[in-house]
Amino acid sequence: MLDSFGRKINYVRVSVTDRCDLRCDYCMPLDNKNFIKKKEILTIQNLITISKGLIYLGIKKFRITGGEPLIRKGIRDYIEFLNTQKNKKNLEEILLTTNGTQLSNYAEFLFKNNVKRINVSLDSLDSNKFSLITNGGLLTNVLKGIKKASDLGIKIKINTVLLKDVNDDEIIDMVKWCSSNNFKLSFIEVMPIGDTLKKRKDQYLSVEFAKKIINQNFGLIKSNHKTSGPSKYFECKDVKLIVGFISPISNHFCSTCNRLRVTSNGKVFPCLGDNGSKDLVPYLKAGQEIQLRKILSNVIFNKPEKHYFDINKKSYIKERFMNTTGG
Ligand code: SAM
Ligand code: SF4
């Protein structure tokens, strides 16, 4: 359906858990005090009820995210539900964003259930640096999962958050590695979502920096490649690679935003960069599915025009970290 600015909203990102087996320091604090209470986490059945409402309203693409979606208990049931909807042609695509730690165990299941394109978040190819960024993550484990998924025929896009003085020296390596493995690659600007210990402006690097380095080394030409996400894609002339740049700070893409988000405690956010949300739990508890659809349709219609991120200021989103709404 259309929102009040005429944007077609057909894409949802469902955060099935806010828990994670890593602690990327730009995502959430090590001692995150804002995890959702266990008793408030929706059952898979409730996630399915919300998803049915969204499908009714014309949402065609579902991206499963988190926290780490593959550690959510019951995730297989939810993915199987989405696959049934896809087989009935109620959905166009089931997508997943994962940190890759559990991918070895899930790759076959994902492939069988029509999850044929996944985003794997990977900010470094250096195991020490990877461990530092993620607070203890094991790079070899993630690489093993990526290989398994790719060997099965799942298309991989690597998402790399650009971090000043941390991984800005790995842009060329990332391009070469993705190209040689036939993956796509996107660079993302860090967003001021949640107050972490570090100042966002000390972490932030514009994607223009990566674009310049890649252009100098491999040559970039605009690509017609399009997805339903916010990446602007280019082709590298000298290596075989589609590379995208996601620029929520330096050049926001709100006028073409087609998304809304659902959190694992049943809140629907029409905009990642806005504090406004609607709580769906009362309608779930009362079994009011028709009312729930009306609420969802109101939220879609009233989606804010844009976000107001300012990397130089304290975030106006304080207690919600990216692990809550996912990406
Ligand atoms: N755990 C999964 C993963 O890492 O892919 C899914 C959830 S994670 C929150 C989704 C994406 O958000 C990841 O690509 C991560 O790098 C990105 N992300 C987390 N915090 C961010 C921030 N403050 N700014 C920009 N991207 C962020
Ligand atoms: Fe976990 Fe993903 Fe956040 Fe890293 S970015 S801490 S993997 S939710």
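No experiment lies behind these values; they were computed from the predicted model shown.

Caption draft 1: Looking closely at the sheet that holds strand β2 (residues 61–65). Overall, mixed pairing links the 12 strands, which are arranged β7-β8-β9-β6-β5-β4-β3-β2-β1-β10-β11-β12 in an open sheet. At either end of the open sheet lies a strand with only one pairing partner, and these are β7 (220–222) and β12 (278–279). Looking at chain direction, strand β11 (residues 267–269) and β12 are connected through 2 bridges and run antiparallel. The partner of Lys267 across the bridge, within β12, is Asp279. Sitting on the sheet, helix α2 (residues 75–87) touches β2 and β3 (93–98), and the angle it makes with β3 is about 150°.

Caption draft 2: Local environment of the site of ligand 1. The local shell around ligand 1 holds 21 residues, among which Cys27, Ser121, Met191, Met322 and Gly327 are the closest. Grouping the amino acids of the shell around ligand 1 by side-chain chemistry returns 9 nonpolar, 11 polar and 1 charged.

Caption draft 3: Focus on the nonpolar core. Judged by nonpolar contacts, the single largest core of 85 residues is most densely connected at Val12, Phe62, Ile118, Leu162 and Val175. Excluding residues that lie within four positions of it along the chain, Phe62 makes contacts with Val12, Val14, Ser51, Leu82, Leu91, Ile94 and Leu95.

Caption draft 4: Structural context of the site of ligand 2. In the region of ligand 2, 13 residues are neighbours, and Cys20, Leu22, Cys24, Cys27 and Asn99 sit closest. A breakdown of the residues in the shell around ligand 2 according to their chemical character gives 6 nonpolar, 5 polar and 2 charged.

Caption draft 5: View of the environment of Ser264. Within the secondary structure, Ser264 sits in the loop between β10 (259–262) and β11. A sequence separation of 221 residues divides Ser264 from Thr43, and the C-alpha atoms of the two residues are 8.7 Å apart. The contacts of Ser264, once residues within four sequence positions are left out, are Ser15, Val16, Thr17, Asp18, Ile36, Ile41 and Leu42.

Caption draft 6: Molecular detail of the packing of helix α6 (residues 171–181) against helix α8 (residues 207–218). One can describe the packing of α6 onto α8 by two numbers: an axis separation of 10 Å at closest approach and a directional angle of 60°. Crossing of α6 against α8: the hand is right-handed. Between α6, through Ile171, Ile172 and Val175, and α8, the contact on the second element is made entirely by Ala210, Ile213, Ile214, Asn217 and Phe218. When the residues that make up the contact of α6 with α8 are grouped by side-chain class, the tally is 7 nonpolar, 1 polar and no charged.

Caption draft 7: Quick look at the environment of Asp31. Examined against the element boundaries, Asp31 turns out to sit in the loop between β1 (11–15) and α1 (44–56). Judged by local crowding, Asp31 falls into the exposed class, with 7 C-beta atoms found within 10 Å. Spatially, the C-alpha atoms of Asp31 and Arg293 are 36 Å apart, while their sequence positions differ by 262 residues.

Caption draft 8: Main features of helix α3 (residues 103–112). Taken together, the buried positions of α3 are Leu103, Tyr106, Ala107 and Leu110. End-on, the buried residues of α3 take up no more than an arc of 130°, which puts them together on one face. When the buried face of α3 is taken as reference, the exposed residues oriented beyond 90 degrees from it are Asn105 and Lys112. Buried positions along α3 lie against β3 and α5 (139–152). Positive phi shows up at Asn114, right after α3, with a value of about 70°.

Caption draft 9: Layout of the pairing of strand β8 (residues 232–236). Where β7 and β8 come together, 3 bridges link them in antiparallel fashion. For Lys222, the partnering residue across the bridge sits in β8 and is Phe234. Relative to strand β9 (residues 242–246), β8 runs antiparallel, the two sharing 4 bridges. Each residue of the ladder has a partner; that of Lys232, found in β9, is Phe245. Turn length for the β8-β9 hairpin, with the two strands adjacent in sequence and antiparallel, is 5 residues.

Caption draft 10: Seen up close, the environment of Ile71. Structurally, Ile71 is set in the loop between β2 and α2. Overall, the presence of 17 C-beta atoms within 10 Å leaves Ile71 in the partly exposed class. For the pair Ile71 and Asp21, spaced 50 residues apart in sequence, the C-alpha to C-alpha distance is 7.8 Å. In contact with Ile71, other than residues within four places in its own chain, are Thr17, Arg19, Asp21 and Gln102.

Caption draft 11: Structural context of the packing of α1 against α2. Closest axis-to-axis distance for the α1/α2 pair is 10 Å, and the angle between their directions is 25°. Judged by the angle between their axes, α1 and α2 are roughly parallel. As for how α1 packs across α2, the hand of that crossing is right-handed. In this structure, α1 uses Ile44, Leu47, Ile48 and Ile55 to contact α2, whose residues at the interface are Asp77, Tyr78, Phe81 and Gln85. When its residues are assigned to classes, the contact of α1 with α2 shows 6 nonpolar, 1 polar and 1 charged.

What counts and how
Residues numbered from 1 in each chain as written. Chains lettered and ligands numbered in written order. Predicted model: local features only at pLDDT ≥ 70, side-chain atom pairs only at ≥ 80, totals over all residues. Pairing = 2+ DSSP bridges. Helix = DSSP H or I, 4+ residues; strand = E, 2+ residues; numbered from the N terminus. Contact = placed C-beta atoms within 7 Å. Axes fitted to C-alpha atoms, helices over the stretch in contact; angles between N-to-C directions. Near = placed C-beta within 6 Å. Nonpolar A, V, L, I, M, F, W, Y, C, P; charged D, E, K, R; others polar. Core = buried A, V, L, I, M, F, W, Y, C linked by C-beta atoms within 7 Å. Buried ≥ 20, exposed ≤ 12 C-beta atoms within 10 Å, placed from the backbone. Left-handed = near helix turned anticlockwise from the far one by under 90°. Arc of directions from axis to C-beta. Parallel < 35°, antiparallel > 145°, perpendicular 65-115°, else oblique.

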